Amino acid sequence: MSAVLSARGLTKRYGKQVAVDGIDFEIPAGRIVGLIGPNGSGKTTTLKAALGLIPFEGELSVLGFDPRTQRDELMQDVCFIADVAILPRWLRVRDAIDFVAGVHPRFDRSKAERYIANTKLTPTMKVKQMSKGMIVQLHLALVMAIDARLLVLDEPTLGLDIIYRKSFYQNLLEDYFDEDKTIVITTHQVEEVEHILTDLLFIRDGKIALSATMEEIGERYVEVMVSADKVAAASALQPIDQRTVFGKSVMLFDARRAGGLSREQLTALGEVRNPSVADLFVATMKGTYA
Amino acid sequence: MNTNMTASLPSNAPTGTGSRANSLASTGMTNLKWLIRRELWEHKGAFFWAPLAVSVALVLVLGGGFLYGIMHAGSFHFQMGEHQVAVHGVPHAMRARLASVVASSYLAVAAPLFLVLPVVVFFYCLAALYDDRRDRSILFWKSLPLSDRDIVLSKVIVALLVAPLVVIGTGVATSLVLLALGLVAAALNDINLIVPVLSDMRLYLSPLYLLSFLPLYIIWALPTVGWLLLVSSWAKSKVFLWAVGMPVVILAILSWFDFLMSRFSGVSLGAKWLGNEVVARMLGGLFPGIWFGEVDKSALVQMQNGLDAGLLLNISYSTLASPAVWIAAAAGCAMIAGAVRLRRWRDEG
């Protein structure tokens, strides 16, 4: 099976509002995909559809299952963290491990215990006694010990401080990810995930605005610090975004725009570098809130 | 290696599918076991501490009363029917009758526990499929390979089986402690009932009689549990208002209509029928003994020598002859199925 997740004409309406508007995409195995978009763009709706949490129109296949009708089978191989701090308040660390070990055939108990041993969590602690960061540590310990083929993380670090956020992604990469697994992440904090992503999926107003691997992005988008005397020439090449840093113009070019642009052309304009995903995101989403 | 595999494949294939079906069935059972355990973790207070507290209170108050009786009274006061009986060294016949009442009815002392049960289970069912949507923890449960059917089923089992069994167990234990205290207190007051009570078979059979009410209780409680779980699964907020307010308001409107119309014509919307047959079953089914509303009470009045458990059981189970009970229970099951279906597409909020 090539695609872990494939959507064709995926559509979700809430009343008259179209949250996801007939999107197509494919996510192959062994990728870490960032599903990135502004608030209300349809990211969470897309993920909820893929996890069989909401009904939808169109075709969607997750690990070969239809999430609408085969959710019970699907959940054997999929895990997700929908949001931080959703563990029930009365749950104890010990009971949480026992429970997941009891119901999940792919749960590796020793792995979860090893992970928890590195935190301040104690077996008798209840979720309501934990800080937000500790709740995430527990949730992560549970989820990372599950050998799922697809892991979906929807804003996994929302509301966490920087130390927890850093270690969250580090653990994800070091202890969890391998070539058989696929991870889909949505987040607002693009700059924190860009170094771990292999693929980008920008979503805007319920449509895919950009779908590319990170290598493609690197080849295609180029940021140029244009020297003052070449601004006019640079503008003629139709940058997709332009801003000013310390009096210097920074322009973003799509090398694959109509007509095409070569690196040489751009190098001639000034210092060339790869844009950050955040800058690319802002450029792509220009006018979203206008 | 290669030949080995090809050789073993065909013979393995049928057993493979068989064991897969088996393992699916057994995961269903283990999942249920864990889900029930989960319910008890969450509701330890309601299902264990509340009955235990009532039981301790009963022992303290009633047991304390017995002790007080030993210390302060030379006589033993006893309410029997309408007669207040003060007993000092009682005649033999009287003693035998007293022993008979005690041995057959001692479980009645735990009655308050059986009033706690419906309250606890009522609110448990109401919150069962709603609270985890409100605090969004439903998303955690939905991230695990658990079917909606198993989740709802675990709650039904807890409401209809686990909670009553806990209360029955606590009730029997409490009654036995109080019986022991009472017997000792009475003995110290020269009314020694220990031997006649201990040699009465009904002393030992009473817990079994109590237990044999459980299937009947489940049948009567099904419509209420079904209704509450359905509302709990469906409502976006204010579950209590929907579950209790809606039927009561509908009933009130129909009753008002019937009341007004009865003045002018024989037209009726059947408010009385709706109240007795639908609303009462929907909301009151958790009360142990609700079925006595449908039996001929004259049979009950005649029990002079304590509770006749056999007769009581007989009368109670005779209510199953009425098709309405079965229709209501079937409706309860249908509502539980409805709760499962609604749960399928419910997430937070």
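Residues numbered from 1 in each chain as written. Chains lettered and ligands numbered in written order. Predicted model: local features only at pLDDT ≥ 70, side-chain atom pairs only at ≥ 80, totals over all residues.

**What about the overall build of chain A?**
- From N to C terminus, chain A includes eleven helices and 13 strands.
- Its C-alpha atoms put chain A at 65 × 40 × 35 Å along the principal axes.
- Taking the contacts inside chain A whose residues are at least 6 apart along the sequence as the reference set, 71% of them involve residues at least 24 apart. (Helix = DSSP H or I, 4+ residues; strand = E, 2+ residues; numbered from the N terminus. Contact = placed C-beta atoms within 7 Å.)

**Points about the overall build of chain B**
- Across its full length, chain B holds 15 helices and two strands.
- Across the 349 residues that make up chain B, the buried fraction comes to 33%.
- Expressed as a percentage of contacts within chain B between residues at least 6 apart in sequence, the contacts between residues at least 24 apart total 84%. (Buried ≥ 20, exposed ≤ 12 C-beta atoms within 10 Å, placed from the backbone.)

**Let's talk about the confidence of the model for chain A**
- Of the residues in chain A, 96% have a pLDDT of 70 or more, and the chain-wide mean is 87.
- Across chain A, element-level confidence peaks in helix α3 (residues 93-103) of chain A with a mean pLDDT of 95 and bottoms out in helix α10 (residues 263-267) of chain A with 79. (pLDDT = per-residue confidence, 0-100.)

**Remarks on the sheet that holds strand β4 (residues 57-62) of chain A**
Residues and elements named next belong to chain A.
- What the three strands build is an open sheet, ordered β2-β1-β4; its pairing is antiparallel. What marks the edges here is a single partner per strand, and that holds for β2 (17-28) and β4. Adjacent strand axes in the sheet meet at a mean angle of 15 degrees when their direction is disregarded.
- Where strand β1 (residues 3-14) meets β2, eight bridges bridge the pair, whose relative direction is antiparallel. By the bridge assignment, tyrosine 14 is partnered in β2 with glutamine 17.
- Along the sheet, helix α1 (residues 43-50) makes contact with β1, β2 and β4, crossing β1 at roughly 120 degrees. (Pairing = 2+ DSSP bridges. Axes fitted to C-alpha atoms, helices over the stretch in contact; angles between N-to-C directions.)

**Some points on unusual backbone geometry**
- You will see that Leu63(A), though not glycine, has its phi angle at about 55 degrees, which is positive.
- Structurally, Leu63(A) can be placed in the loop between β4 and α2 (71-74).
- C-beta crowding within 10 Å serves as the criterion here: with 21 such atoms nearby, Leu63(A) is assigned to the buried category.
- Even without being a glycine, Lys238(B) presents a positive backbone phi close to 50 degrees.
- Position of Lys238(B) relative to the elements: it lies in the loop between α10 (214-234) and α11 (239-264).

**Structural notes on the packing of helix α5 (residues 132-144) of chain A against helix α6 (residues 162-176) of chain A**
Residues and elements named next belong to chain A.
- Contact geometry for α5 and α6: axes closest at 11 Å, N-to-C directions at 10 degrees. Of the possible angle classes, the one that applies to α5 and α6 is roughly parallel. Of the residues in α6, those in contact with Gly133, Val136, Leu140 and Met144 of α5 are Tyr164, Phe168, Asn171, Asp175 and Tyr176.
- Grouping the amino acids of the contact of α5 with α6 by side-chain chemistry returns six nonpolar, two polar and one charged. (Parallel < 35°, antiparallel > 145°, perpendicular 65-115°, else oblique. Nonpolar A, V, L, I, M, F, W, Y, C, P; charged D, E, K, R; others polar.)

**Considerations on the interface of chain B and chain A**
- If you look at the interface, chain B gives 20 residues, while chain A gives 22 residues.
- It is helix α1 (residues 2-42) of chain B that contributes the most residues to the side of chain B that touches chain A, six residues altogether.
- Classifying every residue of the side of chain B that touches chain A by side-chain character gives eight nonpolar, five polar and seven charged.

**Details of the pairing of strand β11 (residues 241-245) of chain A**
Residue and element names in this part refer to chain A.
- As defined by bridge partners, β11 adjoins strand β12 (residues 248-254) across five bridges and the pair is classed as antiparallel. Considered in β12, the bridge of aspartate 241 is made with leucine 252.
- Between β11 and β12, which pair antiparallel and follow one another directly, the connecting turn spans two residues, one of which, phenylalanine 246, has a positive phi of 50 degrees.

**What about the sheet that holds β12(A)?**
All names here are of chain A.
- Overall, antiparallel pairing links the four strands, which are arranged β11-β12-β10-β13 in an open sheet. Strands with a single pairing partner mark the edges of an open sheet, and in this sheet they are β11 and β13 (270-273). Averaged over all adjacent pairs, the angle separating strand axes in this sheet is 25 degrees, with direction ignored.
- Two strands pair when backbone bridges link them, and strand β10 (residues 221-226) and β12 are joined in this way by six bridges, in the antiparallel orientation. Pairing of valine 224 across the sheet is with methionine 251, part of β12.

**Remarks on the nonpolar core**
- Grouped together as the largest cluster of nonpolar side chains are 159 residues, with contacts concentrated most on Val78(A), Val152(A), Cys125(B) and Leu229(B).
- When residues in this core are grouped by element, the largest group, 14 residues, is from helix α7 (residues 148-188) of chain B.
- Sequence-distant contacts of Cys125(B), that is, excluding residues within four places in its chain, are made with Ala159(B), Val225(B), Leu228(B), Leu229(B) and Ser232(B). (Core = buried A, V, L, I, M, F, W, Y, C linked by C-beta atoms within 7 Å.)

**Side note on the environment of Leu241(B)**
- On the secondary structure map, Leu241(B) appears in helix α11.
- Counting along the chain gives ten residues from Leu241(B) to Val231(B), while the straight-line C-alpha distance between them is 9.8 Å.

**A few points about helix α4 (residues 111-128) of chain B**
- Taking 1.5 Å per residue, 18 residues should reach 26 Å; α4(B) reaches 26 Å between its end C-alpha atoms and fits that length.
- Of all the positions in α4(B), only Leu113(B), Phe114(B), Leu117(B), Pro118(B), Val120(B), Val121(B), Phe122(B), Tyr124(B), Cys125(B), Leu126(B) and Ala128(B) are classed as buried. (Expected span 1.5 Å × (residues − 1).)

**So, the confidence of the model for chain B**
Residues and elements named next belong to chain B.
- Overall, the prediction assigns chain B a mean pLDDT of 84, with 84% of residues at 70 or greater.
- Taken element by element, chain B is modelled with least confidence in strand β1 (residues 76-80), mean pLDDT 56, and with most confidence in α10, mean pLDDT 96.
- Counting interchain partners and residues more than four positions distant, the pLDDT-below-50 stretch residues 1-18 has zero contacts.

**Re the packing of α11(B) against helix α12 (residues 271-284) of chain B**
Residue and element names in this part refer to chain B.
- Axis separation between α11 and α12 bottoms out at 10 Å; the angle between their running directions is 170 degrees. One element, α11, and the other, α12, form an angle in the roughly antiparallel class. Across the interface between the two elements, Val244, Pro247, Leu251, Leu254, Ser255 and Asp258 of α11 pack against Ala271, Leu274, Gly275, Val279, Met282 and Leu283 of α12.
- Residues of the contact of α11 with α12, tallied by class, amount to nine nonpolar, two polar and one charged.

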